[in-house]
Amino acid sequence: MLKRKIYSKLIEWKNSRRTECLVIKGARQVGKTYLVREFGRAEYESFIEINFHMQGSLKVIFEGDKSADEIYKRMTANIPGIKFIKGKTLIFLDEIQKCSDARTALKFLAEDGRYDVIASGSLLGLAYGKDDDDEVKEVESVPVGYEKQLMMYSLDFEEFLWAYGYDSDTIEYLKEFYISKEKIPAEINTKFNSILQEYLVVGGMPEVVADFVKNKHFGRVQEIQDKILASYADDISQHAKGTEKVKVRKCYDSIPRQLAKENKKFKYSEVESKATSRKFGDSIQWLCDANMVHICYNVVTPYLPLNAYEKERDFKLYMNDTGLLLALFGFATKQALLNGTLKGYAKGGIYENFVAETLVKNGYTLHYYKPDDNSELEFIIEKDGEVVPIEVKAGNTATKSLNLFVEKYAPSVAYKLISGNIGESTPKITLPHYLTMFI
């Protein structure tokens, strides 16, 4: 089993005194089902799983009377051999978006409290009416206050290192350099920069990572990534409404092109000639709600709270997994990145996507700073009660925009992320890209 950070959050939920069911959200293929199965089998004496996509007939369990007693009784009538043990049984309701009655019933199961319940779904973020699946019905009563939500992503770089065989001592060793700001020994820095390049190509999708650490075969990586991308395309064709199907797909397909250019924001003209937000705005929202992309808004006034100063028409989109971005760029681009021969704006876009993905996985909301045509910072984040600027460089070039920001707003810390080593010129801190995992 791949070690995942979110597993500890499941343990915390299990051990807490609560009246909540757990709802795990996230894009398809990030490992939600596998994680809950492993958790249920390892931490409970009895594990009961219902997948509403594979076992649609079991929706009958949640029809009619939704009292816990009736639901559990109907479970025994429809699932042979199940066993309930008070306080030691986990019930897993997978693809719950396909059974609105089950989502409503979470309130009554939480109030009952005899057994633990986890629900999960790949497209739970879609607003009602935005899903074209006939099986997805409006929830009669959303169980507000009776469900705790967790967002799950693909593996981050630290989890990739675990899968690679590095232990927590190695991670702590790297973190000491991040804290002390001392230069990392050249041989070690070169090694982890090289592993990061592999992570950029492989990405964090669990199936891809598991196969790569076993076989070390980049051709197999591409094949599995193509399969995942095909499943995303199927999701769009099956779940986007009506004419949105084509528009959502066009927006998604344009992201690699946009990241391969020096675009200062997402351009609808890259999606379709003379296109506007009026035509494609709902498509962008669909991709965000489906967790297939991360949106990053421009903020021209870098004060807290950043979301109060967002320019809604100025934004960038990043892929939810950098490995999938590289898969869309193609094998030749992967080869050039691994061999250190990749040039042009695409290289910068790849590292930007990695940093965006890492910041989201670390719990930050994405913003960038572009007040005029002469200045742009790839990211600004809310950290420790202040606004912190981050400039991302594919190599190690000058940081004019970061210098201007520091001069004007005097942040206590400002990050420059590069492919080189650590450096410090207070308040600027230069870090190799892979140390983004500690920000």
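Look up: the structure comes first, before these words.
Here goes a summary of the coordinates provided. Everything quoted here is computed from the prediction, not taken from an experiment.

This paragraph deals with empty space enclosed by the protein. Under the defined criterion, the tally for this structure stands at two cavities of 30 Å³ or more. In this structure, the largest cavity encloses a volume near 60 Å³. What lines the largest cavity is G26, A27, V30, M151, M152, Y153, S154, M205, N291, H294, N320 and D321. A class-by-class count of the residues in the lining of the largest cavity yields six nonpolar, five polar and one charged. Roughly 30 Å³ of internal volume is contained in the second largest cavity. For the second largest cavity, the full set of lining residues is A27, R28, S122, L123, Y232, D235, A290 and M292. Tallied by class, residues from the lining of the second largest cavity come to five nonpolar, one polar and two charged.

Taken together, the side chains of D167, D169, E172 and E176 define an acidic patch exposed on the protein surface. If you trace the backbone, E176 turns up in helix α6 (residues 168–180). In this structure E176 comes out as exposed when scored by relative accessible area, which is 51%.

Take the sheet that holds strand β9 (residues 375–377) next. Sheet architecture is open: four strands sit in the order β7-β6-β8-β9, paired in mixed fashion. Pairing within the sheet leaves two strands with one partner each, and these edge strands are β7 (310–319) and β9. Each strand of the sheet is rotated relative to its neighbour by a mean of 25 degrees, with strand direction disregarded. Looking at chain direction, strand β6 (residues 293–299) and β7 are connected through seven bridges and run antiparallel. Opposite N298, over in β7, you have K311 as the bridge partner. On the sheet, helix α14 (residues 345–361) packs against β6 and β7 and is oriented at approximately 105 degrees with respect to β7.

Conventions used here
Residues numbered from 1 in each chain as written. Predicted model: local features only at pLDDT ≥ 70, side-chain atom pairs only at ≥ 80, totals over all residues. Heavy atoms only, no water. 1 Å grid on protein atoms, 1.4 Å probe; cavity = no way out; pocket = protein on both sides within 12 Å on 5 of 7 lines; lining within 4 Å. Points joined across faces, edges and corners; volume = space filled by probe spheres on them. Nonpolar A, V, L, I, M, F, W, Y, C, P; charged D, E, K, R; others polar. Patch = residues over 30% accessible without salt bridge, like charges linked within 9 Å, V, L, I, M, F, W, Y side chains within 5 Å. Areas by Shrake-Rupley, 256 points an atom, 1.4 Å probe, with all protein chains shown as cover. Salt bridge = Lys/Arg side-chain N within 4 Å of Asp/Glu carboxyl O. Lys, Arg positive; Asp, Glu negative; His and termini not counted. Charge placed at Lys NZ, Arg CZ, Asp CG, Glu CD. Helix = DSSP H or I, 4+ residues; strand = E, 2+ residues; numbered from the N terminus. Buried < 20%, exposed > 50% of the residue type's maximum accessible area, 1.4 Å probe, protein only. Pairing = 2+ DSSP bridges. Axes fitted to C-alpha atoms, helices over the stretch in contact; angles between N-to-C directions. Contact = heavy atoms within 4.5 Å.

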